[in-house]
Amino acid sequence: MQKFQLKDVRLSFNALFEPQDFNGNQDYAFNAKLLIEKGSPQHKQIEQALLEVAEESFPGKGKQVIEKIKSDPAQYCLQDYDDQYVTLATKRKAKAGRPVVVDQNRNPLAEGDGKPYSGCYVNVLVRPWAMGGKGNKYWVRCGLEGVQFARDGQAFGQRTTADDFDDLGETDDGKDIF
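Notes on the structure follow. Source: prediction; values computed, not measured.

1. Focus: the pattern of salt bridges
Okay, step 1: By the definition in use, this model includes 7 salt bridges.
Okay, step 2: D27 is paired through a salt bridge with K91; the nearest N and O atoms lie 3.5 Å apart. Pair noted here: D27 is in the loop between β1 (4-20) and β2 (29-37) and K91 is in strand β4 (residues 85-93), with a separation of 64 residues, a long-range link.
Okay, step 3: Among the ionic pairs, R127 bridges to E145, the shortest N-O distance being 3.4 Å. Within this pair, whereas R127 is found in strand β6 (residues 121-133), its partner E145 is found in strand β7 (residues 137-151), the two being separated by 18 residues in sequence.
Okay, step 4: On the accessibility criterion, R127 (30% relative accessible area) is partly exposed.
Okay, step 5: Take E145: its relative accessible area is 22%, and that puts it in the partly exposed class.
Okay, step 6: Salt bridges sharing partners connect three or more residues here, namely D27, K91 and K93.

2. Here we look at the pairing of β6
Okay, step 1: Here β1 pairs with β6 via 5 bridges, running antiparallel. The residue of β6 that forms the bridge with Q5 is L125.
Okay, step 2: Direction of pairing for β6 relative to β7: antiparallel, over a ladder of 13 bridges. Bridge pairing in β7 places V124 opposite V147.
Okay, step 3: Following β6, the chain reverses through 3 residues before pairing antiparallel with β7; G135 in that reversal takes a positive phi of roughly 70°.

About the cut-offs
- Residues numbered from 1 in each chain as written.
- Predicted model: local features only at pLDDT ≥ 70, side-chain atom pairs only at ≥ 80, totals over all residues.
- Heavy atoms only, no water.
- Salt bridge = Lys/Arg side-chain N within 4 Å of Asp/Glu carboxyl O.
- Helix = DSSP H or I, 4+ residues; strand = E, 2+ residues; numbered from the N terminus.
- Buried < 20%, exposed > 50% of the residue type's maximum accessible area, 1.4 Å probe, protein only.
- Pairing = 2+ DSSP bridges.

In structure tokens:
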């Protein structure tokens, strides 16, 4: 299966500039989780691509394999998020090198540029893959090839700052408030 592009999808959790070790097993990887509207053309495009790669890897059994693993996010990359969205988990092993990360004009971006960020909209190149292992264990996943910042969106997980609190000033009696 060839790589394909998803356009104007919402970037959720990500590690695009420095690989992370999420499982504590020294398996460092770059990743991006994407929010996609349920039933949208892109949702259908992803489902079709995953089915095709499953059929290529498991001839005549692709649909059954997906049915078997679709509730396990470790085995299947497309999961329900809520009533409105699905999430697509993508990953690129650190040893494969950092994914391409560019702005709207295809200029390279660095971590210090502040883009892309969780909550913005991006175009993403993904490569679906499937494989089987011992004990009828299957995986149907998407590799992360590249990310293009498309446009701003409301950031997820903004950090609390001192400005988020009211200025209480000094107490009138000089006593501690605790």
